[in-house]
Amino acid sequence: QYNGICSPKKGYPDGVSLIWKDDLFTLDPGMPDHQDYCPDSGYTYAIAKLNLNAPTASCDSVCAVAVHLPHDGRTWMDEFTNNMKAHCGDDVLKTPCYVILGDFNHNQKWIQKELKTGVGKPSVTPDEATCCWTDRFPGRGKPTYPYDHCAAGPGAKATIAEGWSI
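Since the model is a prediction, treat every value here as computed from it, not as a measurement.

Peer 1: Would you explain the overall build of the protein chain in this entry?
Peer 2: The helix and strand inventory of the protein chain stands at 2 helices and 8 strands. Expressed as a percentage of the 166 residues in the protein chain, the buried residues total 46%. Taking contacts inside the protein chain between residues at least 6 apart in sequence as the whole, the part at least 24 apart equals 63%. Only carbon and sulfur atoms are counted for the fraction: they give 50% of the accessible area of the protein chain, which is about 9,200 Å².

Next up, the structure:
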């Protein structure tokens, strides 16, 4: 398990966790014992390079990420993707070998644009309001925060099983 814990000087405390099944994945030996990504915004993320115990034709490892991005995520996205590359390899965003799950605080099109590489755009689901953010500000007509997503690399299909939570 990896935890992203943040207690900023300003803002609210935040935390995310990555938990994986040992019979499917093993933590890459190059990964640190723990991570604490805590930008000034107070939002956080956790990144783990997980080796597949049964590699696929496309991937021998997966870059797994749990994330809670701030509402002005653009200013934070470079740091976030640079840390993904540092832990999982410079070309990770060009492969189907990553999955990001969390509260992006942005819609599907924004995520696809920010994570797009020269080899294609990521698969992002769902593209609708979710259990967590249905109509935070009642009276605005449509859901305000349909931003809980799963994103997977180009060529992969992001899917969410019933009962997932953020």
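Peer 1: I tried to follow the confidence of the model for the protein chain on my own but got confused; where do I start?
Peer 2: Any residue range with low pLDDT should be treated as having predicted coordinates unsuitable for detailed reading. Summing up the model confidence of the protein chain, the mean pLDDT is 76 and the portion of residues at 70 or higher is 72%. Scored below 50 in pLDDT, residues 162-166 makes 9 contacts in the model with residues more than four places away or belonging to other chains.

Peer 1: Help me out: how do you make sense of the state of the cysteines in this one?
Peer 2: Disulfide: a covalent bond connecting the sulfur atoms of a pair of cysteines. Applying the stated criterion to the full structure yields 2 disulfides. Residue pairing for C59: its cysteine sulfur links by disulfide to C97, the two sulfurs lying 2.0 Å apart. Note on the C59 and C97 pair: the S-S dihedral is about -90 degrees, so by sign convention the disulfide is left-handed. Of this pair, C59 sits in the loop between β4 (44-52) and β5 (61-68) while C97 sits in the loop between α1 (74-88) and β6 (98-103); the two residues are 38 residues apart in sequence, bridging distant segments of the chain.

Peer 1: Got a minute to help me understand the nonpolar core in this structure?
Peer 2: The biggest cluster of nonpolar side chains holds 23 residues, and the ones touching the most others in it are V67, M84 and I100. Secondary-structure elements contributing two or more residues to this core are β4, β5, α1, β6 and α2 (108-115). It is α1 that provides the largest number of residues to this core, a total of 5 residues. Once residues within four sequence positions are removed from consideration, I100 is found in contact with V65, V67, F80, M84, L115, H149, C150 and A151.

Peer 1: For this particular structure, what's the right way to read the pattern of salt bridges?
Peer 2: Should their charged atoms come close, side chains of opposite charge can pair. Tallied over the full model, the rule gives 2 salt bridges. The partner of K94 in a salt bridge is D91, with the nearest N and O atoms 3.9 Å apart. When its relative accessible area of 47% is taken as the criterion, K94 is described as partly exposed. Under the relative-accessibility criterion, D91 is labelled partly exposed at 48%. Between K113 and E114 there is a salt bridge whose closest N-O contact spans 3.5 Å.

Peer 1: Got a minute to help me understand the environment of P154 in this structure?
Peer 2: Along the chain, P154 falls in the segment after β8 (148-152). Each residue touching P154, except ones within four places of it in the same chain, is listed here: L93, K94, T95, P96, Y98, T117, V119, G120, K121 and P122.

Peer 1: Help me understand the side chain of Q112, please; the structure alone is not making it clear to me.
Peer 2: For Q112, the position within the fold is in helix α2. Here P122 takes part through its backbone oxygen, which lies 3.3 Å from a polar atom of the side chain of Q112. Not counting the four nearest positions on each side in its chain, Q112 is found in contact with K121, P122 and V124.

Peer 1: Would you take a moment to explain the environment of K116 for this structure?
Peer 2: The topology assignment puts K116 in the loop between α2 and β7 (123-125). Relative accessible area serves as the criterion here: at 55%, K116 is assigned to the exposed category. Along the backbone, K116 and L93 are 23 residues apart, and their C-alpha atoms lie at a distance of 7.8 Å. Not counting residues within four places of it along the chain, the set of residues in contact with K116 comprises K121 and P122.

Calculation notes
- Sequence order as written defines residue numbering, which begins from 1 separately in each chain.
- Given that this is a predicted model, residues contribute local features only at a pLDDT of at least 70 and side-chain atom pairs are listed and counted only at 80 or more, while totals for whole chains, interfaces and linings are drawn from all residues.
- Only heavy atoms go into the side-chain values, all of them from the structure, while hydrogens and water stay out.
- Per the convention used, a helix needs a DSSP run of H or I reaching at least four residues, while a strand needs a run of E reaching at least two, with both numbered from the N terminus.
- Categorising residues by exposure relies on relative accessible area from a 1.4 Å probe, with only protein chains included: less than 20% of the type maximum marks a residue as buried, more than 50% marks it as exposed, and the intermediate range marks it as partly exposed.
- Working rule for contacts: check all heavy atoms of both residues, and any pair within 4.5 Å makes them a contact.
- For every accessible area listed, the method is Shrake-Rupley and the probe measures 1.4 Å; residues are considered covered only by the protein chains on display.
- The quantity known as pLDDT measures the predictor's confidence residue by residue, on a range of 0 to 100.
- Working definition: a disulfide is two cysteine sulfur atoms within 2.5 Å of each other.
- Residues belong to a common nonpolar core when they are buried Ala, Val, Leu, Ile, Met, Phe, Trp, Tyr or Cys residues joined through side-chain atoms within 4.5 Å.
- Salt bridges are defined as contacts in which a side-chain nitrogen from Lys or Arg sits within 4 Å of a carboxyl oxygen from Asp or Glu.
- Each polar contact in these results corresponds to two N or O atoms within 3.5 Å; when the atoms are within protein, one needs to be able to donate a hydrogen and the other to accept it, and residues that are neighboring in sequence are counted only if both atoms are side-chain atoms.

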